[in-house]
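# Structural overview
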Amino acid sequence: MAVVDSAPSLEILVRGPEGFTIWTGPPFSHGQPGVKLERVPCTNAKFTEDGSRLMVMKSDSVISIYDTNTLKEIRSFEISSIAAATLSPCGTYLQTFQKSTTPQEKNVILWRTDTGDAVHHLFQKNMTKTTWPTIRFSGDEAVACRLATNEIQFFDSSDFSKGIVYRLRIAGVAALELSKAPGSHVAAFVPESKGIPASVQIFACEKVLQSQPVARRSFFRCSTVQLSWNCGSTSLLVVVQSDVDKTNQSYYGESKLNYLTTDGTHEGLVPLRKEGPIHDVQWSYSGSEFAVVYGFMPAKATVFDRKCNPLLELATGPYNTIRWNPKGRFLCLAGFGNLPGNMAFWDTKEKKQLGTTKAECSVTSEWSPDGCYFMTATTAPRLQVDNGIKIFHYNGSLYFKKMFDKLYQADWKPQSPDLFGEISELIKSIESLKVDATRVHGQSSKPSNAATKIMSANPPAQKPAAYRPPHAKNVAAVQAELFGGSPTEEMSKTALRNKKRRDKQREKKAADAASSPSGT
């Protein structure tokens, strides 16, 4: 493992209306990020999964490929009527989708980024979440496959001129998920049909091993599924969602979490201790445990091992998001979307909560590749106001904040966590930087002590509290129960006086009852 001194610097892609730029850090010098690449006009930008390449879509139907180490443009493609584009995990191939009018017009093209040559053409009528990208790659690009009618088609990822090398026949298959690292298995989803239950099946990617599925799970009342492989391709989590809740407890249907392994040792439901929907589920970087946020609000969060045994019960509160640190030790439990933005940071090794904070109206959130920082962003078009970026330390303390008139995107550059040192050593280095910064700040703030004393001697007058109608007196307590925290509003003087009077009357009655003779 690389030591801290030789670790690469962190980088952040920030995109606004005028284009994107690349920041360096954190840590930032003088509290502000450095700029590695000045603003480049574009309509979209995205890193590859390994962070080696950057795809930039420009407004004039031009796609440029950048080397992220040098930030130099290495290839440019001019494609008319382009609707979507994506890079393969290592940046070897560019896949584009164009609007098509006839089946004879092959509108999905696979290009090699090093030569600029088109290596494969095919037709796809429309583009949906389940059908795009059309050609799926494993994390190391060793396996490439495509979903077709009643079958999964496999290609030679090093030579697409061979066309389809073999087919895996699965009647009614509607979605697939290829394992990433390594690309040894593929999961296929078959929806309900004519009284036959829906199913998820796992097949080996090698042709000689595809005669029978290595694992299978069937379930009724299933509309859609979310498939999530662990690192190592040994286990699969399946979130089964139905549009209708037979118990009438939820307007949004019901969901269940299923767990399958490629060796067939476990096929069944994950034992959750609270009824309600599955809000989020995520594997740790090691692939040896996973975390789930589930249940009606206030939601519950639990960490499980690969045998579905609970390892750690996290906080209960207004949460719907799990973000696991790339180093596997820290975890952020958050409530975004229509929730107030509470965040709780946990140390899963020590099994303790490190801190809590808030990031209201966050649209995106993710850990830095070294596992020391957590970034949230409020972006357009989801939210048109209060756009900005917040970066927190691993324990939830705010490190950096910057507001924008309009912000479209804020992403860490993907890098392998193995390039960075042990998380404990990284934390020590961050703490030393914070101590040095505090000393410098303390020296510069000494002359202001007299002004501080004057301010404390004349505290500002308190504003009168707003009127609260009688029916709203318990609102703070109800909100505290649902959204976490404690009621912060103090009782008025009249309410406090009445409460004391009632308490005295209650004590007096109890004393009279105790002193009176029995039987009277």
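Small disclaimer: the values here were computed from a predicted structure and weren't measured. (Residues numbered from 1 in each chain as written. Predicted model: local features only at pLDDT ≥ 70, side-chain atom pairs only at ≥ 80, totals over all residues. Heavy atoms only, no water.)

Residue position: lysine 413 is located in the loop between β36 (409–412) and α1 (423–444). No salt bridge is formed by the buried lysine 413, whose closest oppositely charged neighbour, glutamate 11, lies at an N-O distance of 4.1 Å. If we ignore the near neighbours within four places in the chain, the residues touching lysine 413 are Glu11, Phe47, Gly51, Thr68, Asn69 and Pro369. (Helix = DSSP H or I, 4+ residues; strand = E, 2+ residues; numbered from the N terminus. Buried < 20%, exposed > 50% of the residue type's maximum accessible area, 1.4 Å probe, protein only. Lys, Arg positive; Asp, Glu negative; His and termini not counted. Salt bridge = Lys/Arg side-chain N within 4 Å of Asp/Glu carboxyl O. Contact = heavy atoms within 4.5 Å.)

One open sheet holds the 4 strands; their spatial order is β4-β5-β6-β7, and the pairing between them is antiparallel. On the outer flanks of this sheet lie β4 (44–47) and β7 (72–78), each paired with one strand and no other. Ignoring which end each strand starts from, the neighbouring axes of this sheet average 20 degrees apart. Pairing of strand β6 (residues 62–67) with β7 involves 6 bridges; the strand directions are antiparallel. Bridge pairing in β7 places valine 62 opposite glutamate 78. (Pairing = 2+ DSSP bridges. Axes fitted to C-alpha atoms, helices over the stretch in contact; angles between N-to-C directions.)

The next subject is the nonpolar core. Ranked by size, the top nonpolar core spans 28 residues in total, and within it Met343, Ile389 and Ile391 carry the most contacts. Put simply, the parts of the chain that give this core at least two residues each are β1 (11–16), β2 (19–29), β29 (330–334), β30 (342–347), β33 (373–378), β34 (388–393) and β36. Residues within four places of isoleucine 389 in sequence aside, it is in contact with Val14, Trp23, Met375, Thr376, Ala377, Phe400, Lys401, Lys402, Phe404, Leu407 and Ala410. (Core = buried A, V, L, I, M, F, W, Y, C linked by side-chain atoms within 4.5 Å.)

Cis geometry marks the peptide bond from proline 26 to proline 27; its omega dihedral reads 0 degrees. Mapped onto the elements, proline 27 comes out in strand β2.

This next bit is on the environment of valine 292. Within the fold, valine 292 resides in strand β25 (residues 289–294). Residue classification places valine 292 among the buried positions, given a relative accessible area of 0%. Sequence separation between valine 292 and leucine 257 is 35 residues; the distance between their C-alpha atoms is 9.2 Å. Valine 292 has contacts with Leu257, Ile278, Asp280, Val281, Lys300, Ala301, Thr302 and Phe304, leaving out every residue within four places of it along the chain.

Here we take up the sheet that holds strand β27 (residues 310–313). The 4 strands lie next to each other as β24-β25-β26-β27, forming an open sheet whose pairing is antiparallel. Looking at strand neighbours, the two that pair on one side only are β24 (278–283) and β27, the edges of this open sheet. Taking the axes of each pair of neighbouring strands and ignoring which way they run, one obtains an average angle of 20 degrees across the sheet.

What follows covers the pattern of salt bridges. As enumerated under the stated definition, the model contains 16 salt bridges in all. For the salt bridge of glutamate 313 with arginine 273, the shortest nitrogen-to-oxygen distance reads 3.3 Å. One end of the pair, glutamate 313, is in strand β27; the other, arginine 273, is in the loop between β23 (267–269) and β24, with 40 residues separating them in the sequence. On the accessibility criterion, glutamate 313 (27% relative accessible area) is partly exposed. Linking arginine 323 and aspartate 280 is a salt bridge whose minimum nitrogen-to-oxygen distance equals 3.6 Å.

All right, on to the pairing of strand β5 (residues 53–58) then. Pairing of β4 with β5 involves 4 bridges; the strand directions are antiparallel. Within β5, the residue paired with asparagine 44 across the bridge is methionine 57. The turn joining β4 and β5, which pair antiparallel and follow one another in sequence, is formed by 5 residues; a positive phi near 80 degrees is taken by glycine 51. Note that β5 and β6 share 6 bridges and pair antiparallel. Residue pairing in the sheet places lysine 58 in a bridge with valine 62 of β6.

Our next topic: the confidence of the model for the chain. The pLDDT averaged across the chain works out to 83; a share of 83% of its residues lies at or above 70. Low pLDDT (under 50) marks residues 440–459, which in the prediction has 0 contacts with non-local residues, meaning those over four places away or in another chain. (pLDDT = per-residue confidence, 0-100.)

We now examine the packing of aromatic side chains. Each aromatic ring pair is characterised by the separation of its centres together with the angle its planes make. Considering all chains together, one arrives at 21 aromatic pairs under this definition. Here phenylalanine 155 and phenylalanine 160 contribute two aromatic rings whose centre-to-centre distance is 5.6 Å and whose plane-to-plane angle is 35 degrees, an arrangement assigned as tilted. For the pair phenylalanine 155 and phenylalanine 160, a shared accessibility class is recorded, and that class is buried. A ring pair is formed by tyrosine 259 and tryptophan 283, whose centres lie 6.3 Å apart and whose planes are at 40 degrees; its orientation type is tilted. Here tryptophan 283 lies in strand β24 and tyrosine 259 lies in strand β22 (residues 254–261), a separation of 24 residues in the sequence. In this structure, tyrosine 259 and tryptophan 283 share a single accessibility class: buried. Through successive ring pairs, a cluster of aromatic residues spans Trp23, Phe28, Tyr373, Tyr399, Phe400 and Phe404. (Phe/Tyr/Trp six-rings, centres within 6.5 Å; stacked < 30°, edge-to-face > 60°.)

Right, let's talk about a positive patch on the surface for a bit. Where like charges cluster on the molecular surface, the positive patch consists of Lys493, Arg497, Arg501 and Arg502. Here arginine 502 lies in helix α4 (residues 493–515). (Patch = residues over 30% accessible without salt bridge, like charges linked within 9 Å, V, L, I, M, F, W, Y side chains within 5 Å. Areas by Shrake-Rupley, 256 points an atom, 1.4 Å probe, with all protein chains shown as cover. Charge placed at Lys NZ, Arg CZ, Asp CG, Glu CD.)

Our next topic: the pairing of strand β14 (residues 151–155). When you tally the buried positions in β14, you get 5 out of 5 residues, the bulk of the element. Side chains Glu151, Gln153 and Phe155 of β14 all project onto a buried face; the interleaved residues Ile152 and Phe154 project onto the opposite face, where all are buried too. Here 5 bridges tie strand β13 (residues 144–148) to β14, and the two strands are oriented antiparallel to one another. When the bridges of β14 are listed, cysteine 145 appears paired with phenylalanine 154. Linking β13 to β14, which pair antiparallel, is a turn of 2 residues; within it asparagine 150 sits at a positive phi near 60 degrees. Pairing of β14 with strand β15 (residues 164–169), which is carried by 5 bridges, proceeds in the antiparallel orientation. For isoleucine 152, the partnering residue across the bridge sits in β15 and is leucine 168.

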